[in-house]
Amino acid sequence: MHKCFVFVVATLFSFAAFAQTDTTGPVMKESDRKHGKVYHIKPAVDIPIAVAGTAWTLYGFSKIYGRDAVSEAEILALDRNDINKFDRPVTKHYSESAKSTSDMFFYGSQPLPLVLLFDKRIRKDAVRVGLLYLEAMAITGTLYTTAAMSANRFRPYAYNPDVEMGTKTRGGARNSFFAGHVALVGTATFFMAKVYSDYHPEMNNKWILYTVAGAATATTGYLRMRAGQHFRTDVILGAAVGTLSGLLVPTLHKNHNADPRLTVSPLLGTSNGFTAVLKINR
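An account of the accompanying structure is given in this report.

Conventions we followed
- Residues numbered from 1 in each chain as written.
- Predicted model: local features only at pLDDT ≥ 70, side-chain atom pairs only at ≥ 80, totals over all residues.
- Heavy atoms only, no water.
- 1 Å grid on protein atoms, 1.4 Å probe; cavity = no way out; pocket = protein on both sides within 12 Å on 5 of 7 lines; lining within 4 Å.
- Points joined across faces, edges and corners; volume = space filled by probe spheres on them.
- Helix = DSSP H or I, 4+ residues; strand = E, 2+ residues; numbered from the N terminus.
- Nonpolar A, V, L, I, M, F, W, Y, C, P; charged D, E, K, R; others polar.
- Axes fitted to C-alpha atoms, helices over the stretch in contact; angles between N-to-C directions.
- Parallel < 35°, antiparallel > 145°, perpendicular 65-115°, else oblique.
- Left-handed = near helix turned anticlockwise from the far one by under 90°.
- Contact = heavy atoms within 4.5 Å.
- Salt bridge = Lys/Arg side-chain N within 4 Å of Asp/Glu carboxyl O.
- Buried < 20%, exposed > 50% of the residue type's maximum accessible area, 1.4 Å probe, protein only.
- Patch = residues over 30% accessible without salt bridge, like charges linked within 9 Å, V, L, I, M, F, W, Y side chains within 5 Å.
- Areas by Shrake-Rupley, 256 points an atom, 1.4 Å probe, with all protein chains shown as cover.
- Phe/Tyr/Trp six-rings, centres within 6.5 Å; stacked < 30°, edge-to-face > 60°.
- Lys NZ or Arg CZ within 6 Å of the ring centre and 35° of its normal.
- Expected span 1.5 Å × (residues − 1).
- Arc of directions from axis to C-beta.

## A few points about the layout of surface pockets
And step 1. Reported here for the largest pocket is a volume of approximately 270 Å³.
And step 2. The greatest single-element share of the lining of the largest pocket, amounting to five residues, is contributed by helix H5 (residues 96-109).
And step 3. For the lining of the largest pocket, the per-class residue count stands at seven nonpolar, four polar and six charged.

## Points about the packing of helix H9 (residues 180-199) against helix H11 (residues 232-253)
And step 1. Two elements in contact, H9 and H11, have axes whose closest approach is 7 Å; the angle formed by their N-to-C orientations is 30°. Here H9 is positioned roughly parallel relative to H11, judged by the angle of their axes. Where H9 crosses over H11, the handedness of that crossing is right-handed. Along the contact surface, H9 presents Val-182, Ala-183, Gly-186, Thr-187, Phe-190, Phe-191, Lys-194, Val-195 and Asp-198, while H11 presents Val-235, Gly-238, Ala-239, Gly-242, Thr-243, Ser-245, Gly-246, Leu-247, Pro-250 and Thr-251.
And step 2. In the contact of H9 with H11, the residues fall into nine nonpolar, eight polar and two charged.

## Some words on the pattern of salt bridges
And step 1. As enumerated under the stated definition, the model contains eight salt bridges in all.
And step 2. In this structure, Asp-87 and Arg-153 form a salt bridge, with 3.0 Å as the shortest nitrogen-oxygen distance. Placement of Asp-87 in the loop between helix H4 (72-76) and H5 and of Arg-153 in the loop between helix H7 (126-151) and helix H8 (165-168) is noted, with a sequence separation of 66 residues between them.
And step 3. Residues Asp-103 and Arg-224 are paired through a salt bridge, measuring 4.0 Å at the closest nitrogen-oxygen approach. Note that Asp-103 is positioned in helix H5 and Arg-224 in helix H10 (residues 206-226), a separation of 121 residues in sequence. Side by side, Asp-103 and Arg-224 carry an identical accessibility label, which is buried.
And step 4. Through salt bridges that share partners, Asp-87, Arg-153 and Asp-234 make up one connected network.

## Points about unusual backbone geometry
And step 1. Cis rather than trans, the peptide bond between Phe-177 and Phe-178 has omega equal to -10°.
And step 2. If you trace the backbone, Phe-178 turns up in the loop between H8 and H9.
And step 3. You will see that Asn-152, though not glycine, has its phi angle at about 55°, which is positive.
And step 4. Of note, Asn-152 is situated in the loop between H7 and H8.

## Brief notes about a nonpolar patch on the surface
And step 1. A grouping of Val-45, Ile-49, Ile-139 and Leu-143 is seen on the molecular surface, where their side chains present a nonpolar patch of about 300 Å² in accessible area.
And step 2. Sorting the residues of the nonpolar patch by element identifies helix H3 (43-64) and H7 as the ones contributing at least two each.
And step 3. Note on placement: Leu-143 falls in helix H7.

## Some details on the packing of aromatic side chains
And step 1. The tally for this structure, following the rule as stated, stands at eleven aromatic pairs.
And step 2. Taken together, a centroid distance of 6.2 Å and an interplanar angle of 55° make the contact between Phe-61 and Tyr-144 tilted. Note that Phe-61 is positioned in helix H3 and Tyr-144 in helix H7, a separation of 83 residues in sequence.
And step 3. Overall, Phe-61 belongs to the buried group, its relative accessible area being 1%.
And step 4. Between Phe-106 and Tyr-107, the ring centres sit 5.0 Å apart and the planes meet at 75°, which makes this aromatic pair edge-to-face.
And step 5. Ring-pair connections join several aromatic residues into one group, and the members of that group are Phe-61, Tyr-65, Tyr-144, Phe-177 and Phe-178.
And step 6. For the cation-ring pair, Arg-232 lies above Phe-86, with the distance from its terminal atom to the ring centre recorded as 5.3 Å.

## With respect to H5
It helps to recall that an α-helix has 3.6 residues per turn; residues three or four apart then point in one direction.
And step 1. Under the 1.5 Å per step criterion, the end-to-end length of H5 is 20 Å for 14 residues, consistent within 8% with the ideal 20 Å.
And step 2. Every buried residue of H5 is accounted for by Ala-98, Ser-102, Asp-103, Phe-106 and Ser-109. Take H5 and look down its axis: the buried residues cluster within an arc of 140°, on one side only. Relative to its buried face, H5 has exposed residues pointing more than 90 degrees away, namely Ser-97 and Met-104.

Here is the structure:
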């Protein structure tokens, strides 16, 4: 899965290649607003988050995909009845074809935001959007690798007696929690939907973008379960993390030209007390 960041880096270089002059400043200027500068970047905050998150993710990938092999005795000691009833049915699944298809969704989604470059307005902000994408992927990757390293949860196929022992004793058999494929597909697809929607608020059929993103994420989750790679709870959490990261990173960077002002005034007349008005300029 660490290969996904090769796609992400390639995507970012493409964003940079198409970028024009970036006018990021401490406050979004009126000229930025007129020229469609939808997102505000704080280099002192966003760049360290993106770099540190990417570094940790790459480190985490090296750890979880470089685990020592599991002993055969440990595999034989596993009992599917120890799995909660909600997750237990997945222990009966294993499919190499489903795994391969889920990989296609996974690797195909990573460079998907490049499609945004066909939009003239977004292309002008390629550096900003590219940095936000790296930040979203880094956050998702950090959460995934940290969880996988900490949980050490066996994948469903480890409990399946029909799967070859050689497959079940691989170190990666401990990387079930949570579903990284699902999380990263969700991040990429929902990020793309959110960014395009933000640059085109007049669009009437935004639901189509989010429906496609949701369908891609859900399909990946289904395939990962059919492949015996993840439990239902792994997929649900992965989908939640990926979706939130893909949506919240652009959302939290939008309209950062807000200048909140709190005005407190006493009430006039016979009443006692005060009024408070919070004004946010957008």
